[in-house]
There are 4 protein chains.
Amino acid sequence: MRHDATAAEIDAVVRTINELGYEARPIPGKMRTAIGLIGNDGKVNADRIEALNGVLEIIHVSQQYKQVSREWREEPTIVTLDNGTRIGAGEVSVMAGPCSVESEEQIIGIAHRLRDAGATILRGGAFKPRTSPYSFQGMGEDGLKLLARAREETGMSIVTEAVDPESLDLVVEYADIVQIGARNMQNFSLLRRAGRAGKPVLLKRGMAATVKDLLLSAEYLLAEGNGNVILCERGVRGFDTHTRNLLDLTAIPVVKSLSHLPIIADPSHGTGLRAKVIPMARAAVAAGADGLMIEVHPDPEHAMSDGAQSLYPDQFEELMSQIAVIAEAIGQRMVAPLPAVEGAAAAG
Amino acid sequence: MRHDATAAEIDAVVRTINELGYEARPIPGKMRTAIGLIGNDGKVNADRIEALNGVLEIIHVSQQYKQVSREWREEPTIVTLDNGTRIGAGEVSVMAGPCSVESEEQIIGIAHRLRDAGATILRGGAFKPRTSPYSFQGMGEDGLKLLARAREETGMSIVTEAVDPESLDLVVEYADIVQIGARNMQNFSLLRRAGRAGKPVLLKRGMAATVKDLLLSAEYLLAEGNGNVILCERGVRGFDTHTRNLLDLTAIPVVKSLSHLPIIADPSHGTGLRAKVIPMARAAVAAGADGLMIEVHPDPEHAMSDGAQSLYPDQFEELMSQIAVIAEAIGQRMVAPLPAVEGAAAAG
Amino acid sequence: MRHDATAAEIDAVVRTINELGYEARPIPGKMRTAIGLIGNDGKVNADRIEALNGVLEIIHVSQQYKQVSREWREEPTIVTLDNGTRIGAGEVSVMAGPCSVESEEQIIGIAHRLRDAGATILRGGAFKPRTSPYSFQGMGEDGLKLLARAREETGMSIVTEAVDPESLDLVVEYADIVQIGARNMQNFSLLRRAGRAGKPVLLKRGMAATVKDLLLSAEYLLAEGNGNVILCERGVRGFDTHTRNLLDLTAIPVVKSLSHLPIIADPSHGTGLRAKVIPMARAAVAAGADGLMIEVHPDPEHAMSDGAQSLYPDQFEELMSQIAVIAEAIGQRMVAPLPAVEGAAAAG
Amino acid sequence: MRHDATAAEIDAVVRTINELGYEARPIPGKMRTAIGLIGNDGKVNADRIEALNGVLEIIHVSQQYKQVSREWREEPTIVTLDNGTRIGAGEVSVMAGPCSVESEEQIIGIAHRLRDAGATILRGGAFKPRTSPYSFQGMGEDGLKLLARAREETGMSIVTEAVDPESLDLVVEYADIVQIGARNMQNFSLLRRAGRAGKPVLLKRGMAATVKDLLLSAEYLLAEGNGNVILCERGVRGFDTHTRNLLDLTAIPVVKSLSHLPIIADPSHGTGLRAKVIPMARAAVAAGADGLMIEVHPDPEHAMSDGAQSLYPDQFEELMSQIAVIAEAIGQRMVAPLPAVEGAAAAG
């Protein structure tokens, strides 16, 4: 309450809290009175209270999110894919591939190299949210078909982005993990649909999103019954133009203390610069990430998007060997590599 | 180019620019060589160039947006509504109303007061994007019907938000202006659909969006043939928790120098605090805004959302008289008030 | 407390609060226990409590600042200068002048024009904090002497920046207001010295400073016995490079609700662009600023610093007439202009 | 140039560049003309050009800093301390100790444990810049004497912060490395004095400083002849209140590509939370940091400042063993530990 709140104003707040079905406990102080709300079940309409006269500030002691919290579920969520990759089980899994699917040759060629280097999940955009309407927007369903072909050939699981209801339905049909990108992190309509789609979801942090915002967006997925959610730190908006975004790796241990959901990092978008991807990928693993998403292109100089932040295949192989040592140093290990091609079964 | 770029690397950049169909002009310097790209029509694939070895940085001298720019169209865009309100014509127009439509009594009652105070456009959310899945999500189509009823009664035009394809189609059917909210500013699929819908669009700046990002999102609308676009500054993400967002009023003159589109300000979301809405609304007009969007609620203490930032009707009336003087001081004027109720015709 | 805090941990917090001499009041909740600290006099060592096991978060209900707060002093502080200008008394005062003092002709010439347009305080840097060591660093004491000469000639009061102990002592000797710049807002040693110097202080907000940080820095001045403090919003660091800084005009009403100190705005540094200074100066007055600080240069194209953000004298005159109307519209007025030159007495 | 710049305006820019002693090269484009400035030696007064009519934007192709750049000096700077620690030589060195020196027992006790765990540099504040005037401000010279005693006993080098000319002179007398804190990063007067003092300087990045700002502040030190500069990333201001600051680890590889100076990370201030210090310290090493600065307190619960972010000695020991493995994984190694106490000589 404000320091000059009247007794009547304090009473009004108490009454409103009672009306909403909770217990109010005034805590008088030297300068002002605070009013505790007891029994908050995460559904309090704070707007009603905030609007009362004499209210200085609403301080949330309990969080607004529920099912994503550690308090709701103590043990970590483990997302298990058809090819055996488990995310969140103390193993570092790697999603790698080009920014965009461009051709059969490109995606299948790179998939083989990535699988051989130890990646078990293939990324590749078929629907691309681009800042400019004049940029390449992706191959659409044809791209999804090529991703499925690559899965058949290599046994890798597939992660790719959905941007609207139509693309979501297609992505659910073809991919193993549905990606919701940073720009759609608060596209709540899309989140709800993804929550009902029955496939694991990779939810990327928005550029202006706090960790709490990210967790609340994930709550949309869990509230629809989908507990197979993987979070992804990919950089927030910063003031320094040296990098494309500001990769907030501290979000990894912060999320791990607040939530049971696994979290990975995307240093490709997080930095926007090829030469910074390798050190920041290593740093993410050292910070405790459950995995990485890395852009690798067979020929970055001719990539149709994000070439400047895509690794050369050679660089990716070197990175994989470095992070294996780091994972071990902190008591984790790498996801087991996929068996040689002959044994690869097409995943669901 | 990097200072240690080789002649071969410089040649590769020149060749790539030529391949893309533009002229390359190397500009040797003391420390490094710059390469100018001549003839940029806004469609250059900078990714291809950025990915080349030896490239330090791409500096965009021309902008990526085209149709929204002052260079494309010198004279200001004026958006004209059915009830005669013209936005962008040197008149300050005011969109006011509750955060959410809650009942017939609420929306029609407040509409009369707002109209009488000089507002010509009624706002009210029927589809609410909420950070938490457990918050009130709006009345949906029933809310739209109530807005249409309020229009019939008062002659005000209607602006309300669309959040996905379904709600967009409904909003187009009922409203005069389709609002795309901050969280959907880069929902490019929704932008394209709004661009094709044939109704004026109010596009709010995203919380992490630069002015350039905002203009590029508007470009999606114009690229689909919809030139009736109104931009809205509503606060970006800041580091100070005293206010909900950081209202960036300088964006108003910045947009006006770069683009021919009108721009208004939303100090209700921009500050999140009722007591700050009035000074910042005045400031927005003084900065040259073409209009305001203001949340007013007949009874903020019982509002179902955003009560803490909603003005009391009395405050709104006082605000209107203050901004009229400010508008005049800077050579603008207020939009003419709507005629008394008897004469009001139902708009579009 | 954390939700899994043990009774022993809760006891330890209670004990520590008692050891520190305050009363502890545990408030059990459904999910966790909160512990209120009663009797906070602004001197609690929160670090000691925060360090205890089981503590999730310290929530400050009372503020850490005291003497600058509205709760300490209800009525506004009015800073009165020798030439009669009163800052904080419901009048808009204008500090104007070049970024740097460059020559006698420059500073005296411009001072006459500014005084004639209604400014009563002359600004001009003699000690310049520059990001690069190779930029012009100011004329030093010679610049101060020229400012004093301009005061003698025009009757204007003088405000100029001090950057270290030596320059502070000199500035105190020559100027009417000592400016502490944004980069030194948390140079606490300089603040203490300024607090003891007995001259009014203009304290600019740092680029990463919250309003609370600004008020705590002002508290250093008041704690040394100097109550003549004027705050200044001059833009914080933002992510959009269209402007040099992000002018946070909402800080004006926020400061006014929290503190009794006057606050002005500096749209020259706040935007960094001449064409944006005029609209943002108007906006600052409309937001309730007690004054403005504006860079004006007789010949911006040859200015030794900040030419791009300096107004032409003509523009300044136009601005003065616009803000006079705005001040009146919101129930304020302009500071009375200084009498014609013959009557001007040299100020203290 | 603006797209509507006249030939006369273009000429004026060319003339001004020539007046300043450089060559101007106009580069006509389809939409606008760019003008290249050839021969930039880092001393161009961009303000003069920016102020001209028709100028849209100044784009710096060469950087404003010189001596700190990789282009000025290709090989890395190695800062060598009296006890043999070399910073920047491919070895990870660790500066550890309490936030503040509090007593002889405290500082000497902890120094022994830190030395035994492998730290070779002891940190401890004697002059504390505190946001609030009512917080503990440090022991002053008595604290420095205790640090010197700890050096005698353990052989560790000493790093401690200077906040003004007086404390700088004292710190130079007692310490091996002079720390300039984040709040003083642009206290240029203090930087110049530190540049002339002849001791290595640890320069922390300011909360709103870009990497370029940091390098320009370092340039002040080198311009005064002091090449023994160590940079430190310690978190910038972010919008998420989960952590005290936003640790920008990408700044490490960015600095390394732009400058020859070593850079370390301070995850204690960077996160503000004990539980986040360990993962972020590991991440900093994985990102390529030349060292770490870590707050460790024998009894964090009774620390006089920053207790919540101080490690327990046990945690520090565990951290040291983890980062040793990570350093090796990326081709670096830990600085050799100091010899047992009997052999320790008092350092300079």
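What you see is a predicted model, and the numbers here were worked out from it, not measured in a lab.

Novice: Please explain the overall build of chain A as it appears in this structure.
Specialist: Per the secondary structure count, chain A includes 11 helices and 13 strands. Relative to its length of 348 residues, chain A is compact, with a C-alpha radius of gyration of 23 Å against a globular reference of 20 Å. The principal-axis extent of the C-alpha atoms belonging to chain A is close to 75 × 40 × 40 Å. Scored against the burial criterion, the 348 residues of chain A give a buried share of 66%. If you take every contact in chain A between residues at least 6 apart in sequence, the share linking residues at least 24 apart comes to 68%. A total accessible area of about 11300 Å² is found for chain A, and carbon and sulfur atoms account for 48% of it. Chain A carries 35 positive and 45 negative side-chain charges, and their two centres are separated by 4 Å.

Novice: Explain the relation of the copies chain B and chain A to me, please; I cannot follow it from the model alone.
Specialist: The operation relating the pair of chain copies consists of a rotation about an axis and a translation along that axis. Once chain B has been moved 0.0 Å along the axis and rotated by 180 degrees, it coincides with chain A to within an RMSD of 0.0 Å. Such a turn and shift between the copies fits a two-fold axis. Taking C-alpha positions as reference, the residue of chain B nearest the rotation axis is A208 of chain B, located at 2.6 Å. A high fraction, 100%, of the interface residues of chain B reappear at the interface in chain A, so the copies pair face to face through one surface.

Novice: Is there a simple way to explain the pairing of strand β9 (residues 201–204) of chain C in this structure?
Specialist: Looking along a regular strand, one sees side chains alternate from face to face of the sheet. Residues and elements named next belong to chain C. Of the two faces of β9, the one holding V201 and L203 and the one holding L202 and K204 are both buried throughout. Examined bridge by bridge, strand β8 (residues 177–180) and β9 share 3 bridges and lie parallel to one another. Each bridged residue has a counterpart across the sheet, and for V178 the counterpart in β9 is V201. Handedness of the β8-helix α6 (residues 188–195)-β9 crossover: right-handed. Note: β9 against strand β10 (residues 229–233), 4 bridges, orientation parallel. Bridged to L202 within β10 is I230.

Novice: I'm lost on the interface of chain C and chain B in this one. Help?
Specialist: A common measure of how large an interface is: the accessible area buried when the components associate. Taken together, the contact between chain C and chain B spans 36 residues of the former and 36 residues of the latter. Interface area for chain C against chain B, summed over the two sides, is near 2800 Å², with a carbon-plus-sulfur share of 72%. Three residues stand out in chain C for area buried against chain B, namely F239, H242 and T250 of chain C, and they jointly supply 21% of the buried area on that side. A salt bridge links R205 of chain C to D240 of chain B; the nearest nitrogen and oxygen atoms lie 3.5 Å apart. One can count 4 residue pairs in polar contact (both at pLDDT 80 or more) joining chain C with chain B. Counting residues per element, the ones that place at least two in the side of chain C that touches chain B are α7 (211–223), α8 (251–258), α10 (274–286) and α11 (313–329) of chain C.

Novice: Help me out: how do you make sense of the packing of aromatic side chains in this one?
Specialist: One pair of aromatic rings is described through two measures. These are the centre distance and the angle between the planes. Residues and elements named next belong to chain B. In this structure the tally under the stated criterion is 4 aromatic pairs over all chains. Taking the centre distance of 4.6 Å and the plane angle of 20 degrees together, the rings of F188 and Y220 count as stacked. Residue F188 is found in helix α6 (residues 188–196), and its partner Y220 is found in helix α7 (residues 211–223); the two are separated by 32 residues along the sequence.

Novice: Explain the UniProt feature "domain: DAHP synthetase I/KDSA" (unreviewed entry) in chain A here, please?
Specialist: UniProt's feature table lists "domain: DAHP synthetase I/KDSA" (unreviewed entry) at residues 78–322 of chain A, given in the numbering used throughout. As a span, residues 78–322 of chain A carries 39% helix and 17% strand, and end to end its C-alpha atoms are 24 Å apart.

Novice: Looking at this model, I keep getting lost on the pairing of strand β7 (residues 157–162) of chain B. Mind explaining?
Specialist: All names here are of chain B. Within β7, 6 of the 6 residues are buried, which leaves it mostly tucked inside the rest of the structure. Across 3 bridges, strand β6 (residues 121–123) lies against β7 in parallel orientation. Note that in β7 the partner of I121 across the bridge is S157. Taken together, β6, helix α4 (residues 141–154) and β7 constitute a β-α-β crossover, and its handedness is right-handed. With 4 bridges joining them, β7 and strand β8 (residues 177–180) adopt parallel strand pairing. Residue pairing for β8: V159 is matched across the bridge by I177. A crossover links β7 with its parallel partner β8, the connecting element being helix α5 (residues 165–174), and its sense is right-handed.

Novice: Would you mind showing me how to read the state of the cysteines here?
Specialist: Residue and element names in this part refer to chain C. Within this structure, the stated rule accounts for 0 disulfides over all chains. Of all cysteine sulfurs, the one in C99 lies closest to C232, which takes part in no disulfide; the gap is 13 Å. Relative accessible area serves as the criterion here: at 0%, C232 is assigned to the buried category.

Novice: I'm lost on helix α10 (residues 274–286) of chain D in this one. Help?
Specialist: Think of an α-helix as 3.6 residues a turn; residues three or four steps apart then line up on the same face. Residue and element names in this part refer to chain D. With 13 residues, α10 ought to run about 18 Å at 1.5 Å a step, and its terminal C-alpha atoms sit 19 Å apart, in line with that. Where burial is concerned, most of α10 is hidden: 12 out of the 13 residues are buried. Listed in full, the buried residues belonging to α10 are R274, K276, V277, I278, P279, M280, A281, R282, A283, A284, V285 and A286. Two residues or fewer past α10, G288 is found with a positive phi of approximately 105 degrees.

Novice: Just to check I follow, could you spell out the packing of helix α10 (residues 274–286) of chain A against helix α11 (residues 313–329) of chain A for this structure?
Specialist: When two helices pack together, their arrangement is given by the angle between the helix axes and by the axis-to-axis distance. Residue and element names in this part refer to chain A. Here α10 crosses α11 at 20 degrees, and the two axes come no closer than 9 Å. Classified by the interaxial angle, the pair formed by α10 and α11 is roughly parallel. Viewed along their axes, α10 and α11 form a crossing whose handedness is right-handed. Contacts from R274, I278, A281, R282, V285 and A286 of α10 reach α11 at Q315, L319, Q322, I323, I326 and A327. Residues belonging to the contact of α10 with α11 are distributed by class as follows: 8 nonpolar, 2 polar and 2 charged.

Novice: How should I be thinking about the environment of T250 of chain C in this particular structure?
Specialist: Looking at the secondary structure, you find T250 of chain C in the loop between β10 and α8. Spatially, the C-alpha atom of T250 of chain C lies 25 Å from that of E161 of chain C, the residues being 89 residues apart in sequence.

Novice: In this structure, what is going on with the nonpolar core? I would like to understand it.
Specialist: Within soluble globular proteins, side chains that are nonpolar generally end up buried alongside one another. With 166 residues, the main nonpolar core has L231, L249 and F316 of chain A together with L231, L249 and F316 of chain D as its most contacted residues. Leave out the neighbours within four places in its chain, and L231 of chain A touches L202, L203, L214, L215, A218, V255, L261, P262, I263 and I264 of chain A. In this structure, I110 of chain B together with Y220, A251 and V254 of chain C belong to the second largest nonpolar core, which totals 165 residues.

Novice: Looking at this model, I keep getting lost on the relation of the copies chain C and chain B. Mind explaining?
Specialist: Of the transformation placing chain C onto chain B, the axial shift is 0.0 Å and the rotation is 180 degrees, giving an RMSD of 0.1 Å. Most of the interface of chain C is mirrored in chain B, where 100% of its interface residues are also at the interface.

Novice: Hey, could you run me through α7 of chain B in this one?
Specialist: Residues and elements named next belong to chain B. With 13 residues, α7 ought to run about 18 Å at 1.5 Å a step, and its terminal C-alpha atoms sit 18 Å apart, in line with that. Within α7, 11 of the 13 residues are buried, which leaves it mostly tucked inside the rest of the structure. Those residues of α7 lying buried are V211, D213, L214, L215, L216, S217, A218, E219, Y220, L221 and L222. Buried residues in α7 make contact with α6, β9 (201–204), β10 (229–233) and α8 (251–258).

Novice: Help me understand the interface of chain B and chain A, please; the structure alone is not making it clear to me.
Specialist: Of the residues lining the interface, 52 residues belong to chain B; the matching set on chain A comes to 52 residues. Taking both sides of the interface into account, the surface hidden between chain B and chain A amounts to around 4100 Å²; carbon and sulfur atoms contribute 49%. At the surface where chain B touches chain A, the tally comes to 2 salt bridges. Linking chain B with chain A are 18 residue pairs in polar contact (both at pLDDT 80 or more). At the level of secondary structure, the elements contributing two or more residues to the side of chain B that touches chain A comprise α2 (46–50), α6 and α7 of chain B. Split by residue class, the side of chain B that touches chain A holds 19 nonpolar, 17 polar and 16 charged.

Procedures and definitions
- For every chain, the first residue of the written sequence is number 1, and numbering continues from 1 along that sequence.
- Lettering for chains starts from A, numbering for ligands starts from 1, and both go in the order in which the items are written.
- With the structure being a predicted model, the display of local features is reserved for residues of pLDDT at least 70 and the display and counting of side-chain atom pairs for 80 or more, all residues being used for whole-chain, interface and lining totals.
- The basis for every side-chain value is the complete set of heavy atoms in the structure, and neither hydrogens nor water enter the calculation.
- Put simply, DSSP marks the helices as runs of H or I at least four residues long and the strands as runs of E at least two long, and each gets a number from the N terminus on.
- In this description the radius of gyration comes from C-alpha coordinates, and the expected globular size is given by 2.2 Å times residues to the power 0.38.
- For each residue, the accessible area found with a 1.4 Å probe, counting protein chains only, is set against the maximum for its type, and the residue is called buried under 20%, exposed over 50%, and partly exposed in between.
- Contacts: residue pairs with any heavy atoms within 4.5 Å of one another.
- In this description, accessible areas are obtained by the Shrake-Rupley approach with a 1.4 Å probe, and a residue is regarded as covered only by the protein chains that are shown.
- Counted as positive: Lys and Arg. Counted as negative: Asp and Glu, with His and the chain ends omitted from the count.
- By convention, the point assigned to a charge is CZ for Arg, NZ for Lys, CD for Glu and CG for Asp.
- We superpose the copies by least squares over the C-alpha atoms of residues that have a pLDDT of at least 70 in both of them.
- In this description, strands pair whenever DSSP reports at least two bridges between them.
- Handedness of a crossover is defined as follows: with both strands directed away from the viewer, a clockwise route from the first strand across the helix to the second makes it right-handed.
- Summed over both partners, buried area is the accessible surface (1.4 Å probe) that two parts give up on being assembled.
- We count a salt bridge whenever a side-chain nitrogen from Lys or Arg sits within 4 Å of a carboxyl oxygen from Asp or Glu.
- Counting of polar contacts relies on pairs of N or O atoms within 3.5 Å, with two restrictions inside protein: one atom must be capable of donating a hydrogen and the other of accepting it, and residues adjacent in sequence are counted only when both atoms are side-chain atoms.
- In summary, the pairing rule links any two rings of Phe, Tyr or Trp, Trp by its six-membered ring, whose centres are within 6.5 Å, and it sorts them by plane angle into stacked for under 30 degrees, edge-to-face for over 60 and tilted for everything else.
- UniProt positions are given in the numbering used here, feature names are shortened, and annotations may be inferred rather than shown by experiment.
- The disulfide criterion used throughout: a pair of cysteine sulfur atoms within 2.5 Å.
- Multiply 1.5 Å by the residue count of a helix minus one, and that product is the helix's expected span.
- Every angle, taken between N-to-C directions, lies between 0 and 180 degrees, and every axis is a line fitted to C-alpha atoms, over only the stretch in contact when it is a helix.
- In this scheme, roughly parallel covers angles under 35 degrees and roughly antiparallel covers those over 145, while 65 to 115 is roughly perpendicular and the rest are oblique.
- The hand of a helix crossing depends on one turn: near helix anticlockwise from the far one by less than a right angle means left-handed, and clockwise means right-handed.
- Any residue that is not Ala, Val, Leu, Ile, Met, Phe, Trp, Tyr, Cys, Pro, Asp, Glu, Lys or Arg is counted as polar, Gly included; the first ten are nonpolar and the last four charged.
- Joining through side-chain atoms within 4.5 Å is the link that ties buried Ala, Val, Leu, Ile, Met, Phe, Trp, Tyr and Cys residues into a set, and such a set is a nonpolar core.

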